[in-house]
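# Architecture and fold: a report
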Amino acid sequence: MRDGHITLGLPSLTRMMCEDSLMDAEKALTKLFNGTARYAVDGDTLTLTSQNGTEVRAVASR
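The structure presented is a predicted model; accordingly, all values stated were derived computationally and were not measured.

### Details of the pairing of strand β3 (residues 45–49)
In terms of burial, β3 is largely enclosed, as four of its five residues are buried. Pairing geometry for strand β2 (residues 36–42) and β3, over five bridges, is antiparallel. Bridge pairing links Val41 to Leu46 in β3. Connecting the antiparallel pair β2 and β3 is a turn made up of two residues, with Gly43 showing a positive phi of about 65°. As paired elements, β3 and strand β4 (residues 55–59) share five bridges and run antiparallel to each other. When the sheet's bridge partners are listed, Thr45 is paired in β4 with Val59. Between the end of β3 and the start of β4, which pair antiparallel, lie five residues, with Gly53 showing a positive phi angle near 95°.

### Focus: the environment of Leu10
Within the fold, Leu10 resides in the loop between β1 (5–7) and α1 (20–32). Given a relative accessible area of 77%, Leu10 falls into the exposed group. The sequence separation of Leu10 and Gly35 amounts to 25 residues, and the corresponding C-alpha distance is 8.9 Å.

### Comments concerning the pattern of salt bridges
In total, this model carries one salt bridge according to the counting rule given. Between Arg57 and Glu55 there is a salt bridge, with the nearest N and O atoms lying 2.8 Å from each other. Relative accessible area serves as the criterion here: at 57%, Arg57 is assigned to the exposed category. A relative accessible area of 41% places Glu55 in the partly exposed class.

Analysis parameters
Residues numbered from 1 in each chain as written. Predicted model: local features only at pLDDT ≥ 70, side-chain atom pairs only at ≥ 80, totals over all residues. Heavy atoms only, no water. Buried < 20%, exposed > 50% of the residue type's maximum accessible area, 1.4 Å probe, protein only. Helix = DSSP H or I, 4+ residues; strand = E, 2+ residues; numbered from the N terminus. Pairing = 2+ DSSP bridges. Salt bridge = Lys/Arg side-chain N within 4 Å of Asp/Glu carboxyl O.

Dropping the structure here:
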């Protein structure tokens with residue numbers, strides 16, 4: 001991690017099929033694991049943006 005960038009490794013995935021919305025989320029996440037991604041933290045929200053522009057946001061629960 002440096003200068004708003006983070007290098008991610010390949011994820012471990014199962015071969016189980018899920019509901020379409022969950023599969024779409026998994027596909028978006030796996031696109032991030034293809035090199036370096038930008039990250040930004042705004043309050044309780046983490047945003048990861050891949051080199052191809054795929055963006056994923058995670059919000060911390062309280």
